[in-house]
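Secondary and tertiary structure notes
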Amino acid sequence: MSELVRLSGATCRYGMRSVLVDVDLTIRARDFVGVVGPSGSGKTTLLQALMGTVRLATGAVQRRSGLRVAYVPQVETVDWSFPITVDECVLMARTGRYLPWTSRTERGEAARVLERLGLAGLGGRHIRELSGGQQQRVFIARALLREPELLLLDEPTSGVDVRLRHEILHLLDDLNAAGLAILLTTHDLNGIAAHLPRVVCLNRMVIGAGRPRDVLTPDVLERTYGATMEVLDHAGMPVVVDGFHHHPRPGAGLPVARRVAS
C-alpha cells in the first residue's frame, strides 16, 4: 500500500517540555489505526504533527504530494451555543473559495454527505439540538466534504455511551472499508482499540505498535500508563482490566453488631 505520511524521529516541545520524543510512525493508504495513552501523553500533538500544524523540534514529517487530510476535533472543544445550523457547520469545510455564499453544487454535496452519515433532513437544525452521536457525525461529515484520503479524529467517542460508541466505530469501519485511511486517538482500550487492525501505545514516545493482541499486553500497558493492568482473552480478542486488587485491612470486614439499650 502506498505511504501517505511518515514521522521520522519526531520530537515536539512546548517551551522546555518535550511532548513527543523521537516518534517514528507511518500511515499508509487504507490504514485504520488507534493511538492510545494516558492524558498528557502527546496524542493530540501527534495528530497536529501529522497535519503539519505544529513545528517539530527535531525529526521530519513527510507527506505524499497533494495529500488531502481532514481533522475532527474533540467535541468537548466545540462551542455548542454558537448560532449555526448543521448545513452551515458542514459547509464550513469549503476551501479555495472567496464568495460568502454557497453554490447549488456545494449544497448538493453537503446533502449527499449528510445522507451518507444518516443525517438527512437535519440540515436546518441548530447543532445544539442534536444527540451526542449526531453531533459527532456532523463533524465527520464536515471533514468528509473535503474528500480526504486521510481522516484524523481526536477522541471521537469521548463522552458518549456504549451504543453511540459502537455506532461511531461501525461508521468509521465502513468509511475505512470504502478506502479512507483513518487514525484516531482514544482512551477506550476495549471498546475501540481492541477492535482496530493496528494500535499504537504512546506516552511521549511510542511504547508499542502493531496488532492489538501483540501490543495490548501487561508489559506494554504498564510502561504506557504507569499502572498494572491485566489482559484477558475473550474470543481471541484482548480485554484489558484494571490490575488493582483491594486488600481489606484486618478487622475491616463485616460491621460489628452493637447492643442497643432498651
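This text follows the structure it describes.
The present account deals with the structure reproduced in this document. This structure is a prediction, so every number in the text was calculated from the model and none was measured. (Residues numbered from 1 in each chain as written. Predicted model: local features only at pLDDT ≥ 70, side-chain atom pairs only at ≥ 80, totals over all residues. Heavy atoms only, no water.)

1. Focus: the sheet that holds strand β4 (residues 58-63)
Within a sheet, neighbouring strands are paired by backbone hydrogen bonds and run either parallel or antiparallel to one another. Pairing in this open sheet of three strands is antiparallel, and the strands run β2-β1-β4 from one edge to the other. If you trace the sheet from one side to the other, it starts and ends with β2 (17-28) and β4, each paired once. Ignoring which end each strand starts from, the neighbouring axes of this sheet average 15° apart. Where strand β1 (residues 3-14) lies against β4, five bridges are found, and the strand directions are antiparallel. Across the sheet, residue Thr11 finds its bridge partner in β4, namely Thr58. Where helix α1 (residues 43-51) meets the sheet, its contacts fall on β1, β2 and β4, and the angle it forms with β1 comes to roughly 125°. (Pairing = 2+ DSSP bridges. Helix = DSSP H or I, 4+ residues; strand = E, 2+ residues; numbered from the N terminus. Axes fitted to C-alpha atoms, helices over the stretch in contact; angles between N-to-C directions. Contact = heavy atoms within 4.5 Å.)

2. So, the packing of helix α4 (residues 132-144) against helix α5 (residues 162-177)
Where α4 contacts α5, the axes come no closer than 10 Å and their chain directions differ by 20°. Classified by the angle their axes make, α4 and α5 are roughly parallel. Crossing hand, α4 versus α5: right-handed. Residues Gly132, Gly133, Gln136, Arg137, Ile140 and Leu144 of α4 form the contact with α5, whose own contacting residues are Leu164, Glu167, Ile168, Leu171, Leu172 and Leu175. When grouped by side-chain class, the residues that make up the contact of α4 with α5 number seven nonpolar, three polar and two charged. (Parallel < 35°, antiparallel > 145°, perpendicular 65-115°, else oblique. Left-handed = near helix turned anticlockwise from the far one by under 90°. Nonpolar A, V, L, I, M, F, W, Y, C, P; charged D, E, K, R; others polar.)

3. Digging into the pairing of strand β6 (residues 150-154)
The buried fraction of β6 amounts to five of the five residues, a majority that puts the element mostly inside the structure. Summarising the sheet, strand β5 (residues 69-72) and β6 pair through four bridges and their orientation is parallel. Opposite Val72, over in β6, you have Leu153 as the bridge partner. Of the strand pairs in this sheet, β6 and strand β7 (residues 181-186) are connected by five bridges, and their pairing is parallel. Residue pairing across strands places Leu153 opposite Leu184, the latter belonging to β7. (Buried < 20%, exposed > 50% of the residue type's maximum accessible area, 1.4 Å probe, protein only.)

4. Some details on unusual backbone geometry
Phi is positive for Arg30, which is not a glycine, with a value near 70°. Its location among the elements puts Arg30 in the loop between β2 and β3 (32-36). By relative accessible area, which is 49% here, Arg30 ends up partly exposed.

5. Concerning the side chain of Thr224
With respect to the helices, strands and loops of the structure, Thr224 is situated in helix α7 (residues 218-225). At a separation of 2.7 Å, a polar atom in the side chain of Thr224 contacts the main-chain carbonyl oxygen of Val220. With near-sequence residues (within four places) excluded, Thr224 lies in contact with Val36, Gly37, Pro38, Cys201, Leu202, Asn203 and Ile207. (Polar contact = N/O pair within 3.5 Å; in protein donor to acceptor, adjacent residues only side chain to side chain.)

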